[in-house]
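Spelled out, the chains give:
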Amino acid sequence: MTSRPQDASSSSETPTLQNIPIGLMATGTRQEFDSMGTVDVPADRYWGAQTERSLHHFDIGSDRMPKAVYHAYGYVKKACALVNHVAGRLPVWKKDAIIRAADETISGALDDHYPLFVWQTGSGTQSNMNVNEVISNRAIQLLGGKLGSQRPVGPNDDVNMGQSSNDTFPTAMHIAAIEAIDGMLVPQVSKLADTIERKADGWMDVVKIGRTHLEDAVPLTVGQEWHGWAGQVRDAIAAIEASRGGLYQLAVGGTAVGTGLTAPKGFSKDVAGKIAELTGKPFVTAPNKFVAQGSLDAMVRAHSALRDLAVALMKIANDMRWLASGPRCGFGELKLPDNEPGSSIMPGKVNPTQCEAMVMICIQVMGNDSAVAFAGSQGNFELNAMRPIIINNFLHSARILADGCAKFREFSVEGTELKRDTIQSYVEGSVMLVTALSPVIGYQNAAHIAEKAIAEGTTLKAAALASGKVTEEQFDQIVRPLDMIGSGLAGA
């Protein structure tokens, strides 16, 4: 086993930070070491022994740890280096080298050097060490040192100073989740809600027949129906935004079990404050590190909000494709955009493909949520060791929901039109308008009129007049669809 070389910071020589571009031109392998011994790693990569061990032991499937986790980890390592420097634990030159490498991690410039699989140790230790090793070796390169020497910047003693995988990985999870929510998900979902509302406002005067239990019901307007969809999306957005509260609380500073061993006094608060400053998000130190590290409840709650959005979107997508079914033998109330041919055998067929894609996205998110909830229940004592699957599923759900909403809006909702003649014919032919007669002639009499119209295939008006319960003048005055729609919207 190879021992750790003496750190250059103990010598009188002060390395100078150099402007060396990212990249290693070497071929073959080089030797890296950890506490278990030496390992050969690709010479053109910055990672070290523990990363290489993980690649060997966990070559499972094709699911790689999302790069967003590493970008978030860059903020963690940068913040810790800044705080450790202020505390006198890192010299300025070492701090500058770590920050330079951390910034390159944040920007994605070092993405090729973060190759690990999702399926690894449940604490995320190997991903944490992947970051520590890459930042260490990149810093060594910038300071003119020898890669793999762990000097003058060590992955454990310097990059990981005052930290543990147990507190930094959930911190990176929260940062990545917030970035996904704010950077892509909420903006795209909000645009979809805006578009649905705009379409709804334009159709507030178009009366249609409502449906309950998949059967004809009393009238409402197309605009009211669409405002119902928009309201569902708005409620889901509110739930997602509310879930941010738990994600803003960071575990960093709790170190191994939440007690903060090896971290200096005030480290957790200072690092959280620095992360807030670097990201522009209101992150704070978690008030209870044992909750933050022994559970992943905040992530479970946040993903449940994504599931709620999926529930709403599935309802909307299904409603739209049913209402657009046809063109001759379905409901035929909506005309969706013709985006592509729908069949390899039936000429002229066009399908509601954006709706179908959205339904599949929602199914996937609901499946992801089951995995997240199950993983969240698996915390044992002071650590939940099911972290990689949770953050992978969360980021996957956020991405496909954001992208799905963007495409659904652009290629389906925005171009949807009404088939007004079909809508009007359903209104004129509905027997459920008889509901307006109930207060006048009683429920039972009105029911008999509806039953007669259905059985004999006549119009509601003909059946009503044949019953002798109302005159034509009364029927025309009472059964007026436009008078039956009410509002259903606050303030309307």
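A few points on the structure. (Residues numbered from 1 in each chain as written. Predicted model: local features only at pLDDT ≥ 70, side-chain atom pairs only at ≥ 80, totals over all residues. Heavy atoms only, no water.)

Observations concerning the overall build of the chain
- When its secondary structure is counted, the chain shows 17 helices and 10 strands.
- For a compact globule of 492 residues, the expected C-alpha radius of gyration is about 23 Å, and the chain comes in at 31 Å, more than 25% above that figure.
- If you line up the chain on its principal axes, its C-alpha atoms span 110 × 50 × 35 Å.
- The 492 residues of the chain split such that 52% are buried.
- Restricting the contact set of the chain to residue pairs at least 6 apart, pairs at least 24 apart contribute 74%.
- Carbon and sulfur atoms make up 53% of the accessible area of the chain, which totals about 22100 Å². (Helix = DSSP H or I, 4+ residues; strand = E, 2+ residues; numbered from the N terminus. Rg over C-alpha atoms; globule rule 2.2 N^0.38 Å. Buried < 20%, exposed > 50% of the residue type's maximum accessible area, 1.4 Å probe, protein only. Contact = heavy atoms within 4.5 Å. Areas by Shrake-Rupley, 256 points an atom, 1.4 Å probe, with all protein chains shown as cover.)

A word on the nonpolar core
- The biggest cluster of nonpolar side chains holds 118 residues, and the ones touching the most others in it are Trp226, Leu313, Met320, Ile391 and Phe408.
- The biggest single contributor to this core is helix α6 (residues 165–202), with 17 residues.
- In contact with Leu313, other than residues within four places in its own chain, are Leu192, Val233, Met358, Cys362, Leu401 and Cys405.
- By size, the runner-up hydrophobic cluster in this structure holds 21 residues, among which are Val431, Ile441, Ala446 and Ile449. (Core = buried A, V, L, I, M, F, W, Y, C linked by side-chain atoms within 4.5 Å.)

Here we look at the pattern of salt bridges
- Here the structure, examined in full by the defined rule, presents 26 salt bridges.
- Residue Glu333 pairs with Arg211 through a salt bridge whose shortest N-O separation is 2.8 Å. Residue Glu333 is located in the loop between α10 (297–323) and β7 (334–335), and its partner Arg211 is located in strand β3 (residues 207–212); the two are separated by 122 residues in the primary sequence.
- Between Asp403 and Arg399 there is a salt bridge, and its shortest N-O distance comes to 3.3 Å. You can see Asp403 and its partner Arg399 sitting in helix α12 (residues 387–413), four residues apart, about one turn around the helix.
- Given the relative accessible area of 38%, Asp403 is considered partly exposed.
- Arg399 sits in the partly exposed class, given a relative accessible area of 41%.
- Taken together, the shared-partner salt bridges in this structure form one network comprising Lys208, Arg211, Glu225 and Glu333. (Salt bridge = Lys/Arg side-chain N within 4 Å of Asp/Glu carboxyl O.)

Structural notes on helix α11 (residues 353–376)
- The terminal C-alpha atoms of α11, which comprises 24 residues, lie 34 Å apart, in line with the 34 Å expected from a rise of 1.5 Å per residue.
- Residues of α11 that are buried: Gln354, Cys355, Met358, Val359, Ile361, Cys362, Val365, Asn368, Asp369, Val372, Ala375 and Gly376.
- Packed against the buried residues of α11 are α10, β8 (379–380), β9 (383–384) and α12. (Expected span 1.5 Å × (residues − 1).)

Bear in mind that shape data such as this cannot, by itself, settle questions of function.
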